[in-house]
Amino acid sequence: MSSEWFQRDVKMYGATQWLLVDHVSKIPSAGDWFTYEFGSNSIIVVRNKEGEINAFYNVCRHRGSILCAEGSAGKTKTLTCAYHSWSYDLDGNLRPPRSMPEDFDKKANGLVRCHIRVYDGLIFINLAKGNPPDFDVLIGDLKPFLDLHELQNAKVAYSKKWIIDANWKLNVENFLECYHCRAAHPTYTAVHDAMKLLSFGAGAGSSDKAVTNSFEARMKEWEAETNAKGIFTGIVVDGVDSDFFRAAARIPIKDGYKSETRDGTPGSTLMGKFREFDGGQTGVSFNATATIIANNDFALMFRYTPIDTLKTELVVSWIVHKDAVEGQDYDVEKISAVWAITLDEDKTITQNNQKGIQSTAYQPGVYSTQEQRIADFTQWYINRLERFESETAADNTILIAKH
Ligand code: FES
Ligand code: FE
């Protein structure tokens, strides 16, 4: 893949998707900030004095230096540029700089805002130059799944980062299928029902209809049980022409398993609306690179970020109830074990996949019935890119016509 293609990828993706960047508990008080990098852009996410969360492009309005080191975090009263000391408050307003001409307009030189939305404690940004995609449409069908878990009343207990030497789309493809699970993931397959993995291994829409039917009876039975407890169930799967390629579902883990721990026993205190365990797991994908997997007692936040053509960052955060106490209510090793092991394995197989497809002998193979979501993703990607580039081309034509 060329770097020109990579630039097209990140431009389209950053402008059309709401990127899940972190959980609000990472910046709990005024002045707390972190940066997030996507493509050529670095964004500062900062909490202001009123407790609201702002996002600004990490670019000084004087001569363009970055203000905060990339990939860093901290606490501050002002965002100050180290180059010539221009300084901005937590709402991006410029304080009077030294030695500027009399007619200098301080108000016109605040930091450039980045589109931001916060929902249920999750922080999303979007890099569109004009209007961002409709956030209400993104969240609409996903609301009942998210609201069950009340992630706004939660905190990050632990985060882990993987740098994977493979293109971001290859990472996404691996995440969208569980055909590889039996061969690659002994720990994960021991924790999940085998028939469930065939049908819903990588969540809603990951297998074709014929395979999904084999789990239908058990799924219906479990849904009736959990609905009787007043707990919501459902499935959402976006198609190849959708804006966001979302998916959501509530699916049982395995008979006798309350949570996604190695032995199925609870990993923390109940979260959200749960008053008892229902043995279900909620998966919510906001797009191909941002997913929440929520058990009754703890949740995981997955964030894939393209770094360059052959490098991808994955950050996973484990989230527990805000009042849960480490060592008493939860144990990091216990809640993180299944996925920490699984994602180490995924790193190896994805890197091996990347090496193989760079061979001159590589030709795309035939997908199994458990890789339906990959076929859908590749088609979605082509459709979305074409749509974005034709819209952008139309905008450019208007600009040229105006001049
Ligand atoms: Fe920031 Fe000059 S570039 S103060
Ligand atoms: Fe995997």
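See the structure printed just above.
Residues numbered from 1 in each chain as written. Chains lettered and ligands numbered in written order. Predicted model: local features only at pLDDT ≥ 70, side-chain atom pairs only at ≥ 80, totals over all residues. Heavy atoms only, no water.

S.K.: I keep staring at the sheet that holds strand β3 (residues 41-47) and nothing clicks. Help me out?
M.R.: Remark on secondary structure: sheet strands pair via backbone hydrogen bonds, oriented parallel or antiparallel. Here we have four strands laid out as an open sheet, ordered β4-β3-β2-β5, and antiparallel in their pairing. The open sheet is flanked by β4 (53-57) and β5 (73-75), the only strands paired with a single partner. Adjacent strand axes in the sheet meet at a mean angle of 25° when their direction is disregarded. For β3 and β4, the ladder comprises five bridges, and the chain directions are antiparallel. If you follow Val-45 over to β4, its bridge partner there is Ala-55. (Pairing = 2+ DSSP bridges. Helix = DSSP H or I, 4+ residues; strand = E, 2+ residues; numbered from the N terminus. Axes fitted to C-alpha atoms, helices over the stretch in contact; angles between N-to-C directions.)

S.K.: Explain the sheet that holds strand β1 (residues 19-23) to me, please; I cannot follow it from the model alone.
M.R.: Taken together, the three strands give an open sheet; going across it, the order is β1-β9-β8, and neighbouring strands pair in antiparallel fashion. Looking along the sheet, the strands with just one partner apiece sit at the ends: β1 and β8 (115-119). Within the sheet, the average angular offset between the axes of one strand and its neighbour, ignoring direction, is 25°. Where β8 and strand β9 (residues 122-126) come together, five bridges link them in antiparallel fashion. The residue bridging Arg-117 from the neighbouring strand is Phe-124, located in β9.

S.K.: Explanation requested: the nonpolar core in the structure shown.
M.R.: Within soluble globular proteins, side chains that are nonpolar tend to cluster in buried spots. With 34 residues, the main nonpolar core has Tyr-13, Ile-43, Val-45, Ile-123, Ile-125, Leu-127 and Phe-377 as its most contacted residues. A per-element tally of this core places helix α11 (residues 372-402) first, with six residues. In this structure, Ile-253, Ile-293, Phe-298 and Trp-339 belong to the second largest nonpolar core, which totals 29 residues. (Core = buried A, V, L, I, M, F, W, Y, C linked by side-chain atoms within 4.5 Å. Buried < 20%, exposed > 50% of the residue type's maximum accessible area, 1.4 Å probe, protein only.)

S.K.: I'm lost on the pairing of strand β16 (residues 311-321) in this one. Help?
M.R.: Regular strands place side chains that alternate from one sheet face to the opposite one. Across the eleven residues of β16, nine count as buried, placing the element largely inside the fold. With ten bridges joining them, strand β10 (residues 154-164) and β16 adopt antiparallel strand pairing. Its bridge partner lying in β16, Tyr-158 is registered against Trp-318. Counting the residues that bridge the hairpin from strand β15 (residues 299-308) to β16 gives two residues.

S.K.: What exactly am I supposed to notice about unusual backbone geometry here?
M.R.: With glycine set apart, most residues show a phi of negative sign, and most peptide bonds adopt trans. The residue Asp-120 is not glycine, and still its phi comes out positive at about 50°. Examined against the element boundaries, Asp-120 turns out to sit in the loop between β8 and β9. Asp-120 sits in the buried class, given a relative accessible area of 14%. The residue Glu-150 is not glycine, and still its phi comes out positive at about 45°.

S.K.: Before we go on, may I ask you to explain the coordination of the iron ion (ligand 2) in this structure?
M.R.: Around a metal, the ideal angle is 109.5 degrees if four donors adopt a tetrahedral arrangement and 90 or 180 degrees if six donors adopt an octahedral arrangement. Coordination of the iron ion (ligand 2) by the protein involves His-180 (NE2), His-185 (NE2), Asp-346 (OD) and Asp-346 (OD), with metal-donor separations of 2.1 to 2.6 Å. Mapping the donors of the iron ion (ligand 2) onto the primary sequence gives the spacing H-x4-H-x160-D. One end of the pair, His-180, is in the loop between α4 (168-175) and α5 (181-184); the other, Asp-346, is in helix α10 (residues 332-357), with 166 residues separating them in the sequence. Accessibility assignment for this pair places His-180 and Asp-346 in one class, buried. (Donors = N, O, S within 2.8 Å, 3.2 Å for Na, K, Ca; no water.)

S.K.: What is the right way to look at the pattern of salt bridges in this model?
M.R.: Working definition: two side chains of opposite charge can pair if their charged atoms are close together. Inspection of every chain in the model, using the stated rule, returns 18 salt bridges. The salt bridge partner of Arg-218 is Glu-225, with a shortest N-O separation of 3.9 Å. Through salt bridges with shared partners, one network takes in Arg-218, Glu-221, Glu-225 and Asp-255. (Salt bridge = Lys/Arg side-chain N within 4 Å of Asp/Glu carboxyl O.)

S.K.: What's the story with the environment of Ser-336 in this structure? I'm lost.
M.R.: In this fold, Ser-336 is placed in helix α10. Not counting the four nearest positions on each side in its chain, Ser-336 is found in contact with Tyr-158 and Trp-318. Of the polar contacts made by the side chain of Ser-336, one reaches the backbone oxygen of Val-332; its length is 2.7 Å. (Contact = heavy atoms within 4.5 Å. Polar contact = N/O pair within 3.5 Å; in protein donor to acceptor, adjacent residues only side chain to side chain.)

S.K.: When you look at the state of the cysteines in this model, what are you seeing that I'm missing?
M.R.: Each disulfide consists of a covalent bond between the sulfur atoms of two cysteine residues. Scanning all chains against the criterion turns up one disulfide. Left unpaired, Cys-68 is separated from the closest cysteine sulfur, that of Cys-81, by 9.7 Å. The buried category is assigned to Cys-81, whose relative accessible area is 3%. (Disulfide = S-S within 2.5 Å.)

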